[in-house]
Amino acid sequence: MKRSIILSLLFLPLFLNAQFKLTGNVKSETEAIAWANVVLLSEDEKIISGGITDENGSFTLNAESGTYNLVISFLGFEDFKKDINLQLNVDLGEIILKEAANALDEVVVSYTKKLIDQKPDRIVFNIENNITAAGGDALDALKIAPGLRVDDNGISMLGRGNSQVMINGRIFPLSGAELVGYLNSISADDIKKIEVITNPPAKYEASGNGGLINIVLKKGVQNSWKNTTSAIQNINTHSFLTLRNSLLYNKNKWNVSFSLDKTDGSLRGLEDFQVYYPESTWDIDITTKDNEDAFSGRLLLDYEVSDRSTVGVQYLGNNRQPDIRDRSISNIFNASNTLDSLLINDGNSLQDINSHLVNLHTITALDTLGRKLSFDVDYFYYDSNQERNFRTESFSPNMEFLNVNAAAITTSNQSIENFTFKGDMEHPFDFLNLSYGFLVSSTKSKSDIENFNTDSGAPELDVNTSNIFSYMENNQAIYVNGSKKINEKWNLQLGLRAENTQTEGFSENLNQTNKNNYLKIFPTAYMSYEKNENNSMTFSYGKRIRRPSYRNLNPFRVYVSSNTFSEGNPFLQPSFTDVFEFKHTFKNKLTTNIFFNRTVDASGIIFTSDIENQTQIVTRENFYDQNTYGFGESYLFNTLNWLQSQNSFNLVNIQTKFIKPINAIPQNGFSYSLSSNNTITLNDVTKLQLDMRYDSFAKSDLFTLGEMWSVDLGLSKSFFNKNLKASVFVKDIFNTSSLNNLASTVNGVRQVYGQNRNNRFIRVSLSYSFGNQKVNVNERGFGNEEERRRTN
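(A) Structural context of the sheet that holds strand 3 (residues 47-52). With respect to topology, 4 strands assemble into an open sheet ordered 3-2-5-6, the strand pairing being antiparallel. This sheet does not close on itself; its edge strands, each paired only once, are strand 3 and strand 6 (80-86). Taking each pair of neighbouring strands and ignoring which way they run, the sheet shows an average axis angle of 20 degrees. As judged from the 5 bridges shared by strand 2 (residues 37-41) and strand 5 (residues 66-73), these two strands associate in the antiparallel manner. The residue of strand 5 that forms the bridge with Asn37 is Ser73.

Printed below as a string of structure tokens:
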């Protein structure tokens, strides 16, 4: 009955008044023309519909059946006029504008995009002119994007949970720390914009309760090429140097993007950890030297087989060696708060991580009415090898050596292989724009852990803490999505996605197999209302799923030191979130956003302790349901031609209810954040950036988190006709943005954690470009989106 109602709602627009599409692509003799005015006039010269061409020169107008006059105009070119008899959808193809006979020898049109653009279904962060990210990487760009929070566990939207990351429309294969590491290898200077999609439509995979984040990279326009070479030095206690080179080439039927990135050096990490046992207190300080050594490459190639067909291949490869040297000092105090003993742990982690992603795709326009068919074949391989060696020694309060508390070597290897095939069809009708498609995906993962006790000097295999874990997952999905422009003010879009999943995990040492099989339906709905040119409103609903990562399903323990270990849970289940959102935009400057998320059977990390053995344990469980209420305001100030200021305020209330017996109190309450991004144009070649952010004390599920704030300052200057750009950026001037007071109390034991990984630094960058400087955006998606994301 429920499915019948949903399908009835989906096809409700079939009975509404028919409207038709008029599409085309505007070009000069040499390249696409962006921002050209396109107007559809009635016979009595009243404006029926209008707009501007996008960065590819394309436009789409909607109107009821009738006879009209199409007028296209752009400075320096003759107006294009054509009579149109609109009875069906019409694609005019390429429209060539001729230069005006009295045109100036050179016309320069200067247009500065808004830093943040509020769209009905997403927030667009136009990063290309932002100094804060200049010379940095994709992670630096995400840290200043509106409403996002970045830490070692991944990317999340404020109050909404973890998000999936897409690159050029393809959901990326990694998550958590591995995703964060890979984003360090993508240059922020290669990013056109970042799209924050809070409630994605049915076309996208339903995974990720925190929505989608799409990183859109630059590409060269037709008959152009551009090469950029950059050198960036990050300066802190330790430093690292990054060299980057990217080439964009687009001529005739070929469109090629190629880049290489190499990083060498290291950064400093500081951690503090307090554990309050009933009869003692542990105060732990950890210092690390984290290698940033990495080499990555990217190749994107598209070839126009004909006017209607394009084939292409994309490759993303990455090699990282994030070795870590660490030392922790644990001060152990007795019940009278007197220092009883110390544990000093020296560790060394050697890591070699490789990932390869290949995508083959084809796009075919079936006719001139807008029907388009595309296929993607994706192959992804990920391999991680790590050797962890630690030795923990015990000392008296006056630093006399007592004994070797523990010494061990742990080797862990993980491989993930994924194959995905997907197809998408865009099928516009006279009365409805319809799209539908399918996805088939297969994933195999294998990880093995071997622990060797080295207390006596010679390594001895500990079979009780060594294991081989195999995991297999198959997914099949279909979707249908329909959109309808009801009239000049109302738009409606409805979608339905079905995903069928089969999983099987096997632990060799435990001789334990866990299987799961489920079919889930994910509806989406969007309705927008444009009251007038100053006021627009959007309401959306969607259902999302968050599947556990492959590593979190592995049941075996990974030891960090003699008294700290982490273990996965093969019984973890996916959680589901219903997302409701209302958005109002006034004059494209003031945006109000209200949302409500309802998550059931959510999983998370539990920091607990073995009181008897005084051991800290990190586990994963499905243990809570959660309601999240949010309110946000965003305001753009650009009245002064030398200042663009984007300011936002977000208020979130989280209510958590435990669904399993946990000896802890749910952490419920309000939190808020403030941010201000300010670009100051000093002259045509010099810009100043001043960014500020404040995050209040927050509560969620088991944890409370201390307040954080930061002030960032950047200066950039261009030389030699803007081909050479130099910038200096100071991050977190007052060193106040680090993670602090992350606290939880489980089984009567309170644990408090803090971390500072190179939060305050100076970045100096120098980049030189030559060739055609114009850029365009071309987006496409990978097919094995969800599987690659969960490799961590």
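After that view of the structure, there is still more to cover.
(B) Up close: the packing of aromatic side chains. This model, assessed by the stated rule, comprises 22 aromatic pairs. With a centroid separation of 4.5 Å and 45 degrees between ring planes, the pair formed by Trp254 and Tyr303 is classed as tilted. Residue Trp254 is located in strand 19 (residues 254-276), and its partner Tyr303 is located in strand 21 (residues 294-304); the two are separated by 49 residues in the primary sequence. With relative accessibility at 39%, the residue Trp254 sits in the partly exposed group. For Tyr303, a relative accessible area of 27% gives the class partly exposed. Each ring, one from Tyr768 and one from Phe770, has its centre 6.0 Å from the other, and the planes form 35 degrees; the classification is tilted. What makes Phe770 partly exposed here is its relative accessible area of 35%. Every member of this aromatic cluster is reached through a ring pair, and the members are Tyr541, Phe580, Phe596 and Tyr629.

(C) Local environment of the environment of Phe670. Locating Phe670 in the fold gives a position in strand 39 (residues 669-683). Since its relative accessible area comes to 57%, Phe670 is described here as exposed. Sequence separation between Phe670 and Gly630 is 40 residues, and the spatial gap between their C-alpha atoms is 9.5 Å. Those residues in contact with Phe670, other than ones at most four positions away along the chain, are Leu651, Val652, Asn653 and Phe697.

(D) Representation of the environment of Gly706 within the structure. Position of Gly706 relative to the elements: it lies in the loop between strand 42 (703-705) and strand 43 (708-719). For the pair Gly706 and Asn740, spaced 34 residues apart in sequence, the C-alpha to C-alpha distance is 5.4 Å. Apart from the residues within four sequence positions on either side, Gly706 is in contact with Ser696, Phe697, Asn740 and Asn741.

(E) Structural view of a nonpolar patch on the surface. Where nonpolar side chains cluster on the molecular surface, the patch consists of Trp225, Leu247, Tyr249, Trp254, Phe258, Leu260, Phe295, Tyr768 and Phe770 and spans about 830 Å² of accessible area. Of all the elements in the fold, those that place two or more residues in the nonpolar patch are strand 18 (240-251), strand 19 and strand 47 (761-771). The dominant element in the nonpolar patch, judged by the number of residues it contributes, is strand 19, at 3 residues. Here Leu247 shows up in strand 18.

The rules behind the values
- Residues numbered from 1 in each chain as written.
- Predicted model: local features only at pLDDT ≥ 70, side-chain atom pairs only at ≥ 80, totals over all residues.
- Heavy atoms only, no water.
- Pairing = 2+ DSSP bridges.
- Helix = DSSP H or I, 4+ residues; strand = E, 2+ residues; numbered from the N terminus.
- Axes fitted to C-alpha atoms, helices over the stretch in contact; angles between N-to-C directions.
- Phe/Tyr/Trp six-rings, centres within 6.5 Å; stacked < 30°, edge-to-face > 60°.
- Buried < 20%, exposed > 50% of the residue type's maximum accessible area, 1.4 Å probe, protein only.
- Contact = heavy atoms within 4.5 Å.
- Patch = residues over 30% accessible without salt bridge, like charges linked within 9 Å, V, L, I, M, F, W, Y side chains within 5 Å.
- Areas by Shrake-Rupley, 256 points an atom, 1.4 Å probe, with all protein chains shown as cover.
- Salt bridge = Lys/Arg side-chain N within 4 Å of Asp/Glu carboxyl O.

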